[in-house]
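# Examination of the molecular architecture
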Amino acid sequence: MFKQLPEDNIDKVEIVLNGQAIQVTKGISVAAAVLSQGQSYFRTTPVSDSKRAPFCMMGVCYDCLMVINGQANQRSCATYVENGMIIEVQQGVGPDLENNA
Amino acid sequence: MKSHYQLLIIGGGPAGLAAATTAAEQGVSCAVLDEQPMLGGQIYRSIESIPDQRAKKLGPEYLRGKKIAAAFRESSAEYYPNTKVWSLNKEREVGISQNDQASVITADQVIVASGAIERPVPFSGWTLPGVMQAGAGQILYKSAGIVPDNGVVLAGSGPLLLLLAWQYLHAGVEVKALLDVTPLGNHITALPKFPRALLAHHYLTKGIGYQIELKRAGIPMLFGVSDLRAEGDEQCQRVTFKHSGKQKTIESELLLTHFGVIPHIWLTQAAGCHHQWDDSQQCWRPKHDEWGNTDIDGIIVAGDGAGINGARSAEHAGRLAGFEVLFALGIISQKERDSKAAKDRKWMQDERHIRPFLEKYYQIPKKLLATADDETIVCRCEEVTAGEIRQAVKDGHDNSNQVKFFTRCGMGPCQGRQCTNAVAHIVADEKDMPVEEMGHFRGRPPVAPLTLEQLASLKNKEVL
Amino acid sequence: MNSDVIIIGGGLMGSSIALQLAMRGCSCSVIEKDSPGRHSSGVSAGGLRLLNRDPAEIPLSVEASKMWHDIESLLDSDCDARFPGQIRVAENKADMEKLEQRAALVRSLGYEHEEIIGKKELYQLVPAISPHCVGALINRTDGYARPYHALTAFRRKAESLGVKYYSSTEVYRVEKEGEDWQVKTSEGIFNSSILVNCAGAWANTFSTMLDEPDPLTPKALMLMVTERLPHFVDPVMGAASRKLSFKQMQNGSLIIGGALVAKLDFEKEKTDIDWAQLAESADTVVSFFPQLKDVRIVRAWAGIESFMPDNIPVISQSQTHSNAYHAFGFSAHGFQLSPVIGKVMSQLILDGSSELPIEPFHIGRFK
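The sections below set out a description of the structure shown in this document.

### Brief notes about the overall build of chain C
The number of helices and strands found in chain C is 10 helices and 20 strands. Scaling as 2.2 N^0.38, a compact globule of 367 residues should have a C-alpha radius of gyration of about 21 Å, and chain C matches this with 21 Å. The dimensions of chain C, computed from C-alpha atoms along their principal axes, are 65 × 40 × 40 Å. Across the 367 residues in chain C, those meeting the buried criterion constitute 62%. Within chain C, contacts between residues at least 6 apart in sequence are counted, and of these 72% link residues at least 24 apart.

This is how it looks when you write it as structure tokens:
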């Protein structure tokens with residue numbers, strides 16, 4: 001759906017998206033990075049398992065939620081890429097919580 | 001960061017920055033709290049960091065942001081990015097979070113300059129991946145240099161569509177079509193407002209200029225479009241609509257829509273400010289006077305968060321709010337305030353000449369606001385359809401909040417931002433009553449994400 | 001507008017009473033100043049709790065619990081009720097002693113529903129809880145439902161039996177016309193032979209009109225709800241010596257309470273969250289369930305509820321007028337009692353006495 005326009009002097013960082021290490025532009029939002037990689041959906045909804053992707057890109061729709069560094073329900077449009085960041089498509093309410101016992 | 005300021009400004013867009021610059025000039029201790037990582041708000045997003053080659057393609061209006069940013073940076077006002085504001089109350093206690101820490105700070109005066117959001121208008125298929133708001137396209141372009149790679153269809157009603165089409169044209173993006181859903185009848189109903197609009201003719205000539213360029217580039221522009229739908233198997237694959245009495249389809253994996261903008265009022269709602277329905281702007285806005293004073297002492301609103309008047313007006317409104325704060329703090333007299341503010345008041349009036357015309361011209365028809373198709377999802381978070389909302393009304397839940405309690409509309413993470421307007425319109429339509437009587441979802445804090453750990457961390461702090 | 005009974009207040013209690021009276025052939029008018037469920041009934045955390053009730057309430061609560069377990073036959077709706085049990089967790093020996101004393105007290109009153117469980121069973125039931133706990137007090141038949149849905153179900157059933165609801169109708173004055181009642185409202189005059197005061201936080205206005213003012217205090221208690229989470233806990237959670245109160249709802253979100261008080265401007269009906277207090281609640285939850293630390297709160301609210309000084313309600317015939325009755329002051333634990341209140345009040349009104357003991361709830365007890 002989206003591509004990065006070629007521009008001069010772009011620094012990169014490395015992130016892991018759905019298990020794959022990729023290079024993305026430094027300083028952009030996770031949502032922008034994931035869209036530019038051709039990922040078509042970001043999560044499936046808890047209510048009906050439907051696929052969703054970013055809608056507003058400004059933090060007010062909560063459709064761009066992904067699991068980032070193990071935490072579910074992170075707005076990927078409001079989170080910025082960092083070296084080593086681990087990003088996964090979120091299935092429903094996200095991964096099971098750990099037990100403490 | 002201090003625990004108390006004379007002035008706290010929430011929002012880093014033109015209104016917030018202008019207000020801060022104005023107040024700081026007179027030595028007021030003030031800070032701008034911005035949820036974004038960089039100043040500029042949405043309209044001037046990434047203004048300080050954008051590479052020149054990208055900035056040039058966005059048009060001259062965008063570059064104005066650089067002046068506003070520079071003036072702010074020169075002032076003594078403090079700037080706190082990545083700072084979410086999750087609550088505000090009448091005691092002017094401001095709940096903030098930065099990284100994983102939350103705290104509550106206070107101010108003598110608070111200016112809420114929270115800007116606008118796209119007017120969310122549900123239509124069939126709007127939740128499919130590949131359907132986004134036009135502002136989303138702008139944000140991707142401004143902040144990351146990211147543009148559609150397989151073409152895009154733009155649809156809706158409002159000047160932003162033309163601007164985005166023009167920006168994409170200059171970025172080499174294939175704009176497959178621009179579908180304008182503005183009812184053709186609006187041309188006629190807006191006519192009486194046209195003469196006043198000529199006083200702000202630069203807006204009109206700019207719009208016409210964009211249209212001519214787009215036409216020359218061969219981009220199909222269709223007017224009076226209706227029954228807009230996005231269709232596809234788990235993602236957008238085509239856009240269908242009616243035009244000139246015919247059913248039409250355009251293959252596209254990306255559809256960007258725009259139906260105007262509305263004030264982002266979640267914080268003023270949670271603070272308990274009184275809000276009113278504006279019939280012309282088709283939105284709820286906080287009740288305020290010329291200076292931005294709400295009905296809560298010490299809480300002032302400025303910019304599009306108070307009412308939609310555009311980026312230029314926001315600057316002037318920010319300055320007026322700044323002067324009002326100086327007066328409220330006893331630093332200048334009322335006479336001094338009035339004299340310092342005279343130019344801004346005049347400029348604001350001039351900018352507003354275009355508004356009645358634009359509002360009438362781009363008025364969204366009720367059929368779109370009160371989602372006609374029963375199968376269409378209205379509450380994106382809880383996946384509640386228009387039909388379910390209508391049924392709830394028939395079952396006796398007869399205002400927005402009762403519908404919310406019964407259907408869970410508005411109880412998801414977005415807190416009703418994407419559905420409260422549509423719900424109010426649907427309920428009003430079912431009951432054949434004015435929208436304002438149906439109510440806005442009762443705003444509840446926290447209005448920005450707040451974790452249990454962050455909340456718990458308030459325990460050990462000196463919360464006033 | 002004439003009916004046999006006028007009920008002031010369209011919340012759970014008013015609706016439950018209207019339903020039971022209508023089931024016995026009475027015509028009822030329910031007069032509500034806002035919309036049904038606008039206040040206490042709409043902000044309830046939805047707990048169906050028999051555990052840890054004031055001894056005076058136990059007989060009512062036991063009967064209410066039976067009614068909830070078969071609520072569909074009363075209301076034609078299951079109100080999405082679930083019964084995973086409720087526990088009060090002990091963190092140390094002192095807590096366990098406290099809980100054991102409580103269990104003994106309940107047994108001494110002739111009830112068996114509150115049980116002590118040890119560490120092993122606690123961790124079988126709630127594997128997600130922090131490892132420092134030592135045991136708990138449990139009622140296995142407790143649970144939760146959806147309050148607004150329950151209210152809607154009460155109302156629908158009542159309306160199907162002829163009960164009339166008048167929303168956005170404020171009562172100005174209540175007066176006797178001979179033996180009967182004349183109720184003056186913003187929408188006109190209503191007449192009836194029986195009057196029932198279910199006005200929640202506003203009940204004292206009407207008690208006062210009946211010359212029996214009572215020490216009711218309106219208070220706003222804070223609740224918060226989180227985003228939806230993967231299922232990780234079954235029973236409703238409480239603690240022996242800390243203000244822990246939460247449940248994981250049917251849709252996965254957590255509703256967290258804790259009896260913490262918000263700031264309230266009763267005249268303006270405006271509440272303000274006290275974040276420092278709510279921080280306590282959050283801290284307690286995280287100390288029992290550290291894995292919840294990054295869970296986000298979607299909404300915090302405080303609704304206006306009515307409290308009596310002894311924290312048990314008023315369920316009583318009026319002392320000053322034999323054809324007036326009161327049911328209010330449920331002090332933030334009325335939801336579970338709502339079905340039985342209707343029964344008890346309809347018996348009091350139509351038969352002169354109720355099957356279950358209501359002496360402790362008499363309006364005259366405050367003198």
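### Side note on the overall build of chain A
In terms of helices and strands, chain A carries one helix and eight strands. In sequence order, chain A lays out its α and β elements as β-β-β-α-β-β-β-β-β. At 14 Å, chain A has a C-alpha radius of gyration in line with the 13 Å of a compact globule built from 101 residues. Based on the C-alpha atoms only, the size of chain A along its principal axes is roughly 50 × 30 × 20 Å. Per-residue burial over chain A gives 55% buried out of 101 residues.

### Looking at the interface of chain C and chain B
Accessible area lost upon the coming together of the parts is a frequently used measure of interface size. Taken together, the contact pairs 37 residues of chain C with 36 residues of chain B. Both sides together, the interface formed by chain C and chain B hides about 3,300 Å², and carbon and sulfur atoms give 55% of it. For the chain C face of the interface with chain B, the top three residues by lost area are C:Tyr148, C:Trp275 and C:Arg299, together amounting to 21%. At the boundary of chain C with chain B, the tally comes to five salt bridges. Note that C:Lys263 is salt-bridged to B:Glu93, the shortest N-O span being 3.4 Å. There are 17 residue pairs in polar contact (both at pLDDT 80 or more) connecting chain C and chain B.

### Considerations on helix H10 (residues 338–351) of chain C
In an α-helix, one full turn covers 3.6 residues, which means residues spaced three or four apart are oriented alike. All names here are of chain C. Its 14 residues place the ends of H10 20 Å apart at the C-alpha level, agreeing with the 20 Å of an ideal helix rising 1.5 Å per residue. Counting buried residues along H10, 11 of its 14 residues qualify, which places the element largely inside the surrounding structure. Positioned one or two residues after H10, Gly 352 has a phi angle of 90°, which is positive.

### Remarks on the pattern of salt bridges
For the structure shown, the criterion picks out 52 salt bridges over all chains. The salt bridge partner of C:Asp283 is B:Lys459, with a shortest N-O separation of 3.0 Å. Of the two residues, C:Asp283 is situated in helix H9 (residues 275–288) and B:Lys459 in the segment after helix H18 (452–456); the pairing between them involves two chains. When its relative accessible area of 25% is taken as the criterion, C:Asp283 is described as partly exposed. With a closest N to O distance of 2.7 Å, C:Lys33 and C:Glu269 form a salt bridge. Residue C:Lys33 is located in the loop between strand S2 (28–31) and helix H2 (40–43), and its partner C:Glu269 is located in the loop between strand S16 (263–265) and strand S17 (270–272); the two are separated by 236 residues in the primary sequence. In this structure C:Lys33 comes out as partly exposed when scored by relative accessible area, which is 26%. Via salt bridges that share partners, B:Lys366, B:Asp374, B:Arg390, B:Lys394, B:Asp429 and B:Glu430 belong to a single interconnected network.

### Focus: the packing of aromatic side chains
On inspection of all chains with the given rule, the structure shows 16 aromatic pairs over all chains. Plain terms: the ring middles of C:Phe232 and C:Phe289 are 5.8 Å apart, the flat faces sit at 80° to each other, and that makes the pair edge-to-face. Taken together, the residues span a long stretch of sequence, with C:Phe232 in the loop between strand S12 (217–226) and strand S13 (236–239) and C:Phe289 in the loop between H9 and strand S18 (296–307) at a distance of 57 residues. Comparing C:Phe232 with C:Phe289 shows no difference in burial state: the two are buried. Three or more aromatic residues joined by ring pairs form one cluster here, namely B:Phe357, B:Tyr361 and B:Tyr362. The ring of A:Phe55 has B:Arg380 sitting right over it, with the charged end atom 3.7 Å from the ring centre. The lysine or arginine in question, C:Lys33, covers the ring of C:Trp202, its NZ or CZ lying 4.2 Å from the ring centre.

### Looking at the packing of helix H1 (residues 12–23) of chain C against H10(C)
Residues and elements named next belong to chain C. Relative to each other, H1 and H10 sit at 55°, their axes nearing to 8 Å. By the criterion of interaxial angle, the relationship of H1 to H10 is oblique. You can see that H1 and H10 cross each other, and the crossing is right-handed. Where H1 approaches H10, its residues Leu 12, Met 13, Ser 16, Ile 17, Gln 20 and Leu 21 are matched on the opposing element by Ser 338, Pro 339, Ile 341, Gly 342, Lys 343, Met 345, Ser 346, Ile 349 and Leu 350. A breakdown of the residues in the contact of H1 with H10 according to their chemical character gives nine nonpolar, five polar and one charged.

### What to know about the interface of chain A and chain B
Chain A puts 32 residues into the contact, and the matching count from chain B is 46 residues. The interface formed by chain A and chain B holds three salt bridges in total. Counting across the interface, chain A meets chain B through 15 residue pairs in polar contact (both at pLDDT 80 or more). For the side of chain A that touches chain B, the secondary structure elements donating two or more residues are strand S1 (2–4), helix H1 (30–36) and strand S5 (51–52) of chain A. Class assignment of the residues belonging to the side of chain A that touches chain B gives a composition of 19 nonpolar, six polar and seven charged. As defined by bridge partners, S1(A) adjoins strand S9 (residues 146–148) of chain B across three bridges and the pair is classed as antiparallel. Bridge pairing links A:Gln4 to B:Ile146 in S9(B).

### Notes on the sheet that holds strand S15 (residues 254–256) of chain C
If you walk across this open sheet you meet the nine strands as S23(B)-S18(C)-S12(C)-S15(C)-S14(C)-S13(C)-S4(C)-S6(C)-S5(C), and the pairing is mixed. The open sheet is flanked by strand S23 (450–451) of chain B together with strand S5 (115–118) of chain C, the only strands paired with a single partner. Relative to strand S6 (residues 135–139) of chain C, S5(C) is paired through four bridges, and the arrangement is antiparallel. Bridged to C:Glu115 within S6(C) is C:Ile138.

### Digging into empty space enclosed by the protein
For the structure on display, the rule yields six cavities of 30 Å³ or more. There is about 120 Å³ of room inside the largest cavity. If you trace the largest cavity, you find 16 residues lining it, with A:Tyr80, B:Met38, B:Arg45, B:Ser46 and B:Ser143 closest to the centre. Classifying every residue of the lining of the largest cavity gives nine nonpolar, six polar and one charged.

### Observations regarding the environment of B:Phe241
Residues and elements named next belong to chain B. Position of Phe 241 among the secondary structure elements: in strand S14 (residues 238–243). For Phe 241, a relative accessible area of 1% puts it in the buried group. Residues Phe 241 and Ser 157, 84 residues apart in the sequence, show an inter-C-alpha distance of 14 Å. Look past the residues within four positions of Phe 241 in its chain and what remains in contact with it is Leu 179, Leu 222, Val 225, Ser 226, Asp 227, Leu 228, Lys 246, Gln 247, Lys 248 and Ile 250.

### Focus on unusual backbone geometry
Residues and elements named next belong to chain B. Between Pro 445 and the following residue, Pro 446, the backbone shows a cis peptide bond with an omega angle of -5°. The topology assignment puts Pro 446 in the loop between helix H17 (435–438) and S23. Although it is not a glycine, Ser 244 adopts a positive phi angle of roughly 50°. Summarising the element assignment, Ser 244 is placed in the loop between S14 and strand S15 (246–251).

### Some thoughts on the pairing of S18(C)
Counting buried residues along S18(C), 12 of its 12 residues qualify, which places the element largely inside the surrounding structure. Judged from the two bridges that link them, S23(B) and S18(C) form a sheet pairing that is antiparallel. Paired with B:Thr451 across the bridge in S18(C) is C:Arg296. Note: S12(C) against S18(C), 10 bridges, orientation antiparallel. The partner of C:Leu221 across the bridge, within S18(C), is C:Gly303.

Thresholds applied
Residues numbered from 1 in each chain as written. Chains lettered and ligands numbered in written order. Predicted model: local features only at pLDDT ≥ 70, side-chain atom pairs only at ≥ 80, totals over all residues. Heavy atoms only, no water. Helix = DSSP H or I, 4+ residues; strand = E, 2+ residues; numbered from the N terminus. Rg over C-alpha atoms; globule rule 2.2 N^0.38 Å. Buried < 20%, exposed > 50% of the residue type's maximum accessible area, 1.4 Å probe, protein only. Contact = heavy atoms within 4.5 Å. Buried area = accessible area lost by both parts, 1.4 Å probe. Salt bridge = Lys/Arg side-chain N within 4 Å of Asp/Glu carboxyl O. Polar contact = N/O pair within 3.5 Å; in protein donor to acceptor, adjacent residues only side chain to side chain. Expected span 1.5 Å × (residues − 1). Phe/Tyr/Trp six-rings, centres within 6.5 Å; stacked < 30°, edge-to-face > 60°. Lys NZ or Arg CZ within 6 Å of the ring centre and 35° of its normal. Axes fitted to C-alpha atoms, helices over the stretch in contact; angles between N-to-C directions. Parallel < 35°, antiparallel > 145°, perpendicular 65-115°, else oblique. Left-handed = near helix turned anticlockwise from the far one by under 90°. Nonpolar A, V, L, I, M, F, W, Y, C, P; charged D, E, K, R; others polar. Pairing = 2+ DSSP bridges. 1 Å grid on protein atoms, 1.4 Å probe; cavity = no way out; pocket = protein on both sides within 12 Å on 5 of 7 lines; lining within 4 Å. Points joined across faces, edges and corners; volume = space filled by probe spheres on them.

In short, geometric facts, not functional conclusions.
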